[in-house]
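Here's the letter readout for the chains.
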Amino acid sequence: MRPFEPATGSAGPRRTCDADVAARAADLEARYGDATPQEILRIALDAFDLDDIAAVTSFGAESAVWLHMLSEIEPSTPVLFIDTGKHFPATHRYRETLTQTLGLKDVRLIKPDPEDLKREDPVGMLFSQDADRCCHLRKTLPLAGALQPFSAWMNGRKRHQSATRARMPAFEVDGPRLKVNPLAGWGPQDIRAYFERFDLPRHPLVAEGYPSIGCMPCTSRIKPGEDERAGRWRGRDKTECGIHLAP
């Protein structure tokens with residue numbers, strides 16, 4: 001596998017336009033889209049300074065897999081967790097467990113703007129009236145602000161999770177940033193085998209029937225035969241919180 005070669009004549013990742021980022025993502029996908037998750041992470045981390053690329057995670061059901069890989073390569077990578085104020089208490093405990101177990105050195109809690117919540121969700125029930133707006137206030141806006149200093153970010157999405165992710169590439173453009181999906185090509189058996197190989201701690205809610213875990217009010221157990229994200233926003237015409245939708 002060839003090492004990543006930065007494009008010549010570029011003024012640097014922070015000063016590239018969306019078209020430059022799209023071209024870079026397409027080139028990386030063509031060259032390394034079928035690489036292993038570890039190789040994809042190394043390529044991404046080699047392509048950017050440590051203060052120019054971040055990992056974004058929900059500390060959910062399968063987060064331990066790619067966070068373990070990341071900790072083996074560069075444990076000082078900034079790790080962003082969007083603390084919406086609506087997570088299960090078990091998720092916060094799991095975040096603390098993984099942070100300590102994996103030796104992650106720079107986990108950052110990203111919170112919604114208190115003034116936004118005071119103005120639009122003063123009693124904390126917006127999720128029941130307008131789930132899209134709730135996600136926007138509690139997830140999309142906070143993450144957009146937290147990503148301002150970075151030119152690239154990584155996450156743990158996988159193609160097998162839902163129909164909307166079935167064609168997801170390993171490298172894609174996200175507005176002015178490169179977005180990296182190292183586990184895109186992994187299926188449930190790969191995830192399970194990795195957990196077992198490294199004896200990684202599981203999110204406690206997985207054993208209770210939650211294979212995909214988001215905010216407490218909008219996450220339910222799945223039924224036999226459903227895809228693993230069927231418990232997210234059940235009964236609503238909604239499949240994503242918004243942070244992974246094209247800007």
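Just so we're clear, the structure is a prediction, and the values are computed from it rather than from any experiment. (Residues numbered from 1 in each chain as written. Predicted model: local features only at pLDDT ≥ 70, side-chain atom pairs only at ≥ 80, totals over all residues. Heavy atoms only, no water.)

Engineer: Looking at this structure, I do not really get the packing of aromatic side chains. What am I missing?
Structural biologist: Aromatic ring pairs are defined here through the distance separating the ring centres and the angle between the ring planes. Evaluated as defined, the whole model comprises four aromatic pairs. In this structure an aromatic cluster arises from ring pairing among Trp186, Tyr194 and Phe198. A cation over a ring is seen here: Arg202 above Phe195, with NZ or CZ 3.7 Å from the ring centre. (Phe/Tyr/Trp six-rings, centres within 6.5 Å; stacked < 30°, edge-to-face > 60°. Lys NZ or Arg CZ within 6 Å of the ring centre and 35° of its normal.)

Engineer: I would appreciate a short explanation of the pairing of strand E3 (residues 107-110) in the present structure.
Structural biologist: Regular strands place their side chains on alternate faces of the sheet. Both strand E2 (residues 79-82) and E3 contribute to a ladder of four bridges, which runs parallel. Bridge assignment links Ile82 to a residue of E3, and that residue is Ile110. Taken together, E2, helix H4 (residues 89-102) and E3 form a β-α-β motif whose crossover is right-handed. (Pairing = 2+ DSSP bridges. Helix = DSSP H or I, 4+ residues; strand = E, 2+ residues; numbered from the N terminus. Right-handed = clockwise from strand over helix to strand, strands pointing away.)

Engineer: Any chance you could explain the state of the cysteines here in plain terms?
Structural biologist: What we call a disulfide is simply a covalent bond connecting the sulfur atoms of a pair of cysteines. Within this structure, the stated rule accounts for zero disulfides. Considering cysteine sulfurs only, Cys135 is the nearest to Cys218, which forms no disulfide, with 6.3 Å between them. Among the residues examined, Cys218 registers a relative accessible area of 11% and is labelled buried. (Disulfide = S-S within 2.5 Å. Buried < 20%, exposed > 50% of the residue type's maximum accessible area, 1.4 Å probe, protein only.)

Engineer: What exactly am I supposed to notice about the nonpolar core here?
Structural biologist: Across soluble globular proteins, nonpolar side chains have a tendency to be buried as a group. If you look at the biggest cluster of nonpolar residues, it comprises 39 residues, and the most contacted ones within it are Phe59, Val65, Leu67, Met154, Phe171 and Leu178. Ranked by size, the runner-up nonpolar core spans 10 residues in total, among them Ala54, Ile82, Phe150 and Trp153. (Core = buried A, V, L, I, M, F, W, Y, C linked by side-chain atoms within 4.5 Å.)

Engineer: What should I look at first to understand the side chain of Arg95 in this one?
Structural biologist: When you line up the elements, Arg95 lands in helix H4. We note that Arg95 is buried and unpaired, the nearest opposite charge coming from Glu96 at a distance of 4.3 Å. Residues in contact with Arg95, not counting those within four places in the same chain, are Phe59, Phe81 and Leu109. (Lys, Arg positive; Asp, Glu negative; His and termini not counted. Salt bridge = Lys/Arg side-chain N within 4 Å of Asp/Glu carboxyl O. Contact = heavy atoms within 4.5 Å.)

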